[in-house]
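# Structure assessment
What follows is the residue order along each chain.
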Amino acid sequence: MSDVASRVKAIIVDKLGVDENEVTPQASFTNDLGADSLDTVELIMEFEKEFNIAIPDDQAEKIGTVGDAINYITENAK
Amino acid sequence: MELKRVVVTGLGAITPLGGSVDELWNNLVNGVSGAAPITRFDATNFKTKFACEVKNYNPTDFFDRKEVKKLDLFAQFAMIAAEQAIQDSGLNLETIDQDMAGVIWGAGIGGLQTFQEEVKGYVNGGAIPRFSPFFIPKMIADIAPGHISIKYGFRGPNFGVVSACASSTNAIADAYNLIRLGKANIFITGGSEAGVNEAGVGGFNALQALSTRNDDPQTASRPFDKDRDGFVIGEGGAAIILEEYEHAVKRGAKIYCEMIGAGMSADAYHLTAPHPEGLGAANVMKSALQDNNTPVEAVDYVNVHGTSTPLGDVAELKAIQKLFGEQAYKMNISSTKSMTGHLLGATGAVEAIACILAIQNGIIPPTINNFELDPEIDPKLNLTLNKAQKRDVNVALSNTFGFGGHNASVVFKKMN
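Residues numbered from 1 in each chain as written. Chains lettered and ligands numbered in written order. Predicted model: local features only at pLDDT ≥ 70, side-chain atom pairs only at ≥ 80, totals over all residues. Heavy atoms only, no water.

## As for the overall build of chain B
Looking only at helices and strands, chain B has 14 helices and 14 strands in total. Rg of the C-alpha trace for chain B: 20 Å, near the compact-globule value of 22 Å for 416 residues, within the 12% margin. A principal-axis box enclosing the C-alpha atoms of chain B has dimensions of 65 × 55 × 40 Å. Taking all 416 residues of chain B together, the buried fraction comes to 60%. The long-range fraction of contacts in chain B, counting pairs at least 24 apart against all pairs at least 6 apart in sequence, stands at 79%. The averaged location of the 44 negative side-chain charges in chain B is 1 Å from the averaged location of its 35 positive side-chain charges. (Helix = DSSP H or I, 4+ residues; strand = E, 2+ residues; numbered from the N terminus. Rg over C-alpha atoms; globule rule 2.2 N^0.38 Å. Buried < 20%, exposed > 50% of the residue type's maximum accessible area, 1.4 Å probe, protein only. Contact = heavy atoms within 4.5 Å. Lys, Arg positive; Asp, Glu negative; His and termini not counted. Charge placed at Lys NZ, Arg CZ, Asp CG, Glu CD.)

## Considerations on the overall build of chain A
The helix and strand inventory of chain A stands at 4 helices and 0 strands. Each helix (α) and strand (β) of chain A, taken in turn from the N terminus, gives the series α-α-α-α. Taken along its principal axes, the extent of the C-alpha atoms in chain A is 30 × 25 × 20 Å. Across the 78 residues of chain A, 47% fall into the buried class. Looking at chain A alone, contacts between residues at least 24 apart form 51% of all its contacts between residues at least 6 apart. When the accessible area of chain A is evaluated, it comes to approximately 4,200 Å², of which 46% is carbon and sulfur surface. Where the 6 positive side-chain charges of chain A centre and where its 17 negative ones centre are 7 Å apart. (Areas by Shrake-Rupley, 256 points an atom, 1.4 Å probe, with all protein chains shown as cover.)

## Things to note about the interface of chain B and chain A
Accessible area lost during the coming together of the parts is what is often quoted as the interface size. Contacts between the two partners involve 10 residues from chain B and, on the opposite side, 16 residues from chain A. Summed over both partners, the interface of chain B with chain A comes to about 1,000 Å²; 51% of that surface belongs to carbon and sulfur atoms. Here chain B and chain A share 5 salt bridges between them. Residue Asp36(A) is joined to Lys70(B) by a salt bridge in which the shortest nitrogen-to-oxygen separation is 3.6 Å. Our enumeration of links across chain B and chain A arrives at 6 residue pairs in polar contact (both at pLDDT 80 or more). Here the side of chain B that touches chain A gets 4 residues from one element, more than from any other, and that element is helix H2 (residues 65-70) of chain B. Of the residues assigned to the side of chain B that touches chain A, the class counts are 4 nonpolar, 1 polar and 5 charged. (Buried area = accessible area lost by both parts, 1.4 Å probe. Salt bridge = Lys/Arg side-chain N within 4 Å of Asp/Glu carboxyl O. Polar contact = N/O pair within 3.5 Å; in protein donor to acceptor, adjacent residues only side chain to side chain. Nonpolar A, V, L, I, M, F, W, Y, C, P; charged D, E, K, R; others polar.)

## Regarding helix H4 (residues 112-124) of chain B
All names here are of chain B. Taking 1.5 Å as the rise per residue, H4 with 13 residues should run 18 Å; its terminal C-alpha atoms sit 18 Å apart, in good agreement. Contacts made by the buried residues of H4 are with helix H5 (135-139) and helix H8 (198-206). Gly126 sits one or two residues past H4 and shows a positive phi near 70°. (Expected span 1.5 Å × (residues − 1).)

## So, the pairing of strand E6 (residues 186-194) of chain B
All names here are of chain B. Counted residue by residue, E6 has 9 buried out of 9 residues, so it is predominantly covered. Strand direction decides the pairing type here: strand E4 (residues 101-106) and E6, joined by 6 bridges, are parallel. Counterpart to Val103 in the pairing with E6 is Ile188. The pairing of E6 with strand E7 (residues 235-244) spans 9 bridges and is antiparallel. Paired with Ile186 across the bridge in E7 is Glu243. (Pairing = 2+ DSSP bridges.)

## Some details on the domain arrangement of chain B
All names here are of chain B. You can read the domains of chain B as domain 1 (7-250) and domain 2 (262-413). With centres defined by C-alpha atoms, the gap from domain 1 to domain 2 works out at 21 Å. Facing 65 residues of domain 1, the contacting portion of domain 2 comprises 62 residues. Buried area between domain 1 and domain 2, summed over both chains or domains, comes out near 4,700 Å², and the portion from carbon and sulfur atoms is 70%. Considering only the surface of domain 1 that becomes buried against domain 2, Trp25, Phe224 and Arg228 emerge as the three largest contributors, covering 19% of it. Summed over the shared surface of domain 1 and domain 2, the result is 4 salt bridges. For Lys226, the salt bridge is made with Glu372, and the minimal N-O distance between the two is 3.9 Å. On inspection of domain 1 and its partner domain 2, the count reaches 24 residue pairs in polar contact (both at pLDDT 80 or more). Only strand E1 (6-14), helix H1 (21-29), helix H7 (167-180), E6 and E7 provide two or more residues apiece to the side of domain 1 that touches domain 2. With 10 residues, the single largest contributor to the side of domain 1 that touches domain 2 is H7. Residue classes in the side of domain 1 that touches domain 2 are distributed as 32 nonpolar, 24 polar and 9 charged. (Domains from an automatic or database assignment.)

## Let's talk about the packing of helix H3 (residues 73-89) of chain B against helix H6 (residues 143-152) of chain B
Residues and elements named next belong to chain B. Where H3 meets H6, the axes come as close as 9 Å, and the angle between the chain directions of the two elements is 40°. Classified by the angle their axes make, H3 and H6 are oblique. The handedness of the crossing between H3 and H6 is right-handed. Together, Phe74, Ala78, Met79, Ala82, Glu83 and Ile86 of H3 and Ile143, Ala144, His147, Ile148, Lys151 and Tyr152 of H6 make up the contact between the two elements. Here the contact of H3 with H6 is composed, by residue class, of 9 nonpolar, 1 polar and 2 charged. (Axes fitted to C-alpha atoms, helices over the stretch in contact; angles between N-to-C directions. Parallel < 35°, antiparallel > 145°, perpendicular 65-115°, else oblique. Left-handed = near helix turned anticlockwise from the far one by under 90°.)

## Quick word on the nonpolar core
Residues and elements named next belong to chain B. Counting 48 residues, the largest nonpolar core has Val8, Leu11, Ile240, Leu242, Met259, Ile353 and Phe412 as its most contacted members. Mapped onto this core, the elements with two or more residues apiece are E1, H1, H7, E7, strand E8 (257-266), helix H14 (347-361), strand E11 (363-364) and strand E14 (406-413). For this core, the leading source of residues is H14, giving 10 residues. If you count residues domain by domain, this core takes at least three from each of domain 1 (7-250) and domain 2 (262-413). Those residues in contact with Leu11, other than ones at most four positions away along the chain, are Val21, Gln84, Ala85, Asp88, Ala239, Ile240, Tyr256, Ile353, Ile356 and Leu357. Residues Leu91, Ala141, Phe154 and Ala194 belong to the second largest nonpolar core, which totals 34 residues. (Core = buried A, V, L, I, M, F, W, Y, C linked by side-chain atoms within 4.5 Å.)

## Some thoughts on the UniProt feature "active site" (unreviewed entry) in chain B
All names here are of chain B. UniProt tags Cys165 as "active site" (unreviewed entry). As for its placement among the helices and strands, Cys165 is situated in the loop between strand E5 (158-161) and H7. Ignoring any residue separated from it by four or fewer positions in sequence, one finds Cys165 in contact with His305, His342, Leu344, Gly345, Thr347, Thr400, Phe401 and Gly402. (UniProt positions renumbered as here; feature names shortened; annotations may be inferred.)

Now the structure itself:
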């Protein structure tokens, strides 16, 4: 597992209070991991902080799964 | 329109005197102080280094980790107290009319800790605005009744009440009046507060409102004592189930007592100081007793606001003597803040419970820590000094007063 993937997963486990093995690349934040709209906003903010990036709102809306987040960050992190 | 009768059918409390109503009552009757050195933050540089904290509190004993993150401590105390009261009431949440069940909750401040952390994060984070999306919904004082309504599906009247240290008394008063008017059958009401943090203690210290008796915290809250030097800040939550009388009888509820009055008034005098003659305080008690034409001679017990501040305690007793006349010498008066400390917006609900249980148990909880009575105070008043007293209590009244000059009183009566 890449460094980005493990850091992303750690944030999700912490913020959503879910079990690590639920955090698969296909898992949807809202449908599978019990996040509501505020949780999702918080996750995006935590990714921004952890990876020192800014995720524009129109991009953030497209990040719906764990895999989406890992891919976006891998492509955009400095 | 005939007004409905209102009864008390459930109680809940998490306070500096313990995590349940039973512990609260036992410690009140036994004259136990809830004060101790502050553990919630490093108070080394603060003028006051002690408080009445909820002891050994661990949020994950009550909530899962994800919930904890969304609940400021004041809202956690609200949820815990409400749950206890619902359990105690024996209400069947499946069968009640949820549109006629409401929540009115008092908090003088709300999520002060959350506010402090978020602003600190902004300042220390290079002024980049990365506020949590939970910042506002954790902080706002009305979020506690919001959370409670979501948990129990109560879709009736729902709001928060803010009148500083009178908040939860005002909340109880509103719930009572809405039941009388037929707007709801059931309310979860009460209040909670969590101000033992840097901003809370520092802020009240700046007002010179807090006792600084750091060498002896347990005797610091000493209402009516000659050497009182301010209040002791407390935290916690207390909940009361108010119910329309017929509704309670129909379901065979355990009824603690009847609520027969609620008064509200303002001093219209000063931001933080009480009216020196207790004008607003006398008016609010009078107004509360008028709801059911209760004569002053019927009152057995007044649980005073009595915060242990030099001005407040004297002004309140003046108001009592003015309103009650001879009865002031016949009834019991006590300040349970001598034990619980001052729970700010939650204090009214805690003291309402003290009144309700005084009626139920025939015991007046004491005013502890009286070493030498303030010579300005009439020694013929029965301030229930230092030891609980047995007394058959038919009617009990609780006062609370808040910064801003808000006054609120509630009256409870034994069921006939």
